[in-house]
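Secondary and tertiary structure notes
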Amino acid sequence: MPETTPQAVTQSGHEAGPLLRTLRGENLPSRPIWLMRQAGRYLPEYRELRAEKGGFLALVYDTDAAAEVTVQPIRRFGFDGAILFSDILIVPYAMGQNLQFLAGEGPHLSPRLLDATLESLTAVPERLSPIYETVAKVKAQITPETTLLGFAGSPWTVATYMVAGEGSRDHHDTRAMAYRDPSAFQAIIDAIADVTIEYLSGQVDAGAQGLQLFDSWAGSLSPAQFERWVIAPNAKIAAEMQRRYPHVPVIGFPKGAGEKLAAYARETGVNAVGVDETIDPLWAARELPAGMPVQGNLDPLLLLSGGPDLEKQTIRVLEAFADRPHVFNLGHGIGQFTPIENVEALLKIVRGWSH
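Rules used throughout
- Counting restarts for each chain: residues are numbered from 1 in the order of the written sequence.
- Totals for whole chains, interfaces and linings use all residues, but because this is a predicted model, local features are given only for residues with pLDDT of at least 70 and pairs of side-chain atoms are given and counted only at 80 or more.
- Neither water nor hydrogens contribute to the side-chain values; these are computed over all heavy atoms in the structure.
- Put simply, DSSP marks the helices as runs of H or I at least four residues long and the strands as runs of E at least two long, and each gets a number from the N terminus on.
- In this description the radius of gyration comes from C-alpha coordinates, and the expected globular size is given by 2.2 Å times residues to the power 0.38.
- When accessible area is computed with a 1.4 Å probe and restricted to protein chains, residues below 20% of their type maximum are described as buried, those above 50% as exposed, and intermediate ones as partly exposed.
- Between two residues, a contact is recorded if the distance between any of their heavy atoms is within 4.5 Å.
- Only protein atoms enter the calculation, which uses a 1 Å grid: trapped sets of points that fit a 1.4 Å probe without letting it out are cavities, open sets showing protein on both sides within 12 Å along at least five of seven lines are pockets, and any residue with an atom within 4 Å of a point is a lining residue.
- Grid points are joined across faces, edges and corners, and a volume is the space filled by probe spheres set on the points.
- Throughout this entry, Asp, Glu, Lys and Arg are counted as charged residues, while Ala, Val, Leu, Ile, Met, Phe, Trp, Tyr, Cys and Pro are counted as nonpolar. The remaining residues, Gly among them, count as polar.
- Here a strand pair is declared whenever DSSP counts at least two bridges between the two strands.
- Axis lines are fitted through C-alpha atoms, for helices just across the contact stretch, and the angle between N-to-C directions can take any value from 0 to 180 degrees.

Quick look at the overall build of the chain
The helix and strand tally for the chain stands at 15 helices and nine strands. Relative to its length of 355 residues, the chain is compact, with a C-alpha radius of gyration of 19 Å against a globular reference of 20 Å. Evaluated residue by residue, the chain yields a buried proportion of 57% over its 355 residues. Within the chain, residue pairs in contact and separated by at least 24 positions form 72% of the contacts whose partners lie at least 6 positions apart.

Below you can see the structure in the form of structure tokens.
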């Protein structure tokens, strides 16, 4: 085990694992690894539990089952990070929208904010409490070497669902609303940010050691809109979380940001930035702030496909980020049909590499 340094000690005095140390700015010789959506449908043990419990929301709100799903990939692969099993739409659910996950259709929220006002919603904050229970149960099951990550959706991405009531390809309705009535849309963004701050705080109080903000649909915005609806609200959340919990790093992940990623990294104040698979890691290493921890960015489809290119491209990512703190991850979530043996091969490559 590496010698304990001042940076390697947690707020509670326990030694921090390699993921937490990296997110705090240490450039470790070997890279910690976790995968977005690692607790999910590619695992047979997850599919078995999901079939037993029924619907997705029922699984999220069964705290024993949600904790088990969170721990399953740690038990199988020994990832350096455990990511809470939940969903970004828990926030609008707590804000008073009804939430359903329909087979083959995805999530549905009602009433959608195209048809209803924010003021017409009646908040149900107790819908957040079971998530905190899940966090506490996971924390009790993992070792100090495994970092527990909480998360939330960023305001822009959450707003796309709240406004349209469902997912969409180009977020036409939400982008149009933001242009047509920016003051009303600003109120939605602000309300989401405020609830998200409290939600993330509850996760930290329950045991989360790091946090990730998922802005999955950041790529659908123009540069000026990106500044207002992505950078500004994420900066508000990051600043408040760092004021409340200076020992808890925040990872910002604006998928699809492209060349706007550099401004996001500079201006939001997040501690680390996630890099999606569309970004050249050499560009990211050059353009992102010096010394800033990065996370990413292997293409999930390459992990699904496997073969000789898996090792070649994995090494390329590792080498590109060799001069800064780096958490190995995918450019987005692991695919449902990814073979277990490909994940095992990836782990072997990453854990066999050092600089």
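Some remarks on the layout of surface pockets
Reported here for the largest pocket is a volume of approximately 1,200 Å³. The residue makeup of the lining of the largest pocket, split by class, is 19 nonpolar, 11 polar and six charged.

Quick look at the sheet that holds strand S9 (residues 326-330)
Spatially, seven strands are ordered S1-S4-S5-S6-S7-S8-S9 in an open sheet, and the strand pairing comes out parallel. Two strands in the sheet have a free side with no partner beyond their single neighbour: strand S1 (81-83) and S9. Across the sheet, the mean angle from the axis of one strand to that of its neighbour is 25°, orientation sign disregarded. As defined by bridge partners, strand S7 (residues 272-275) adjoins strand S8 (residues 294-298) across three bridges and the pair is classed as parallel. The residue of S8 that forms the bridge with Val275 is Gly296.

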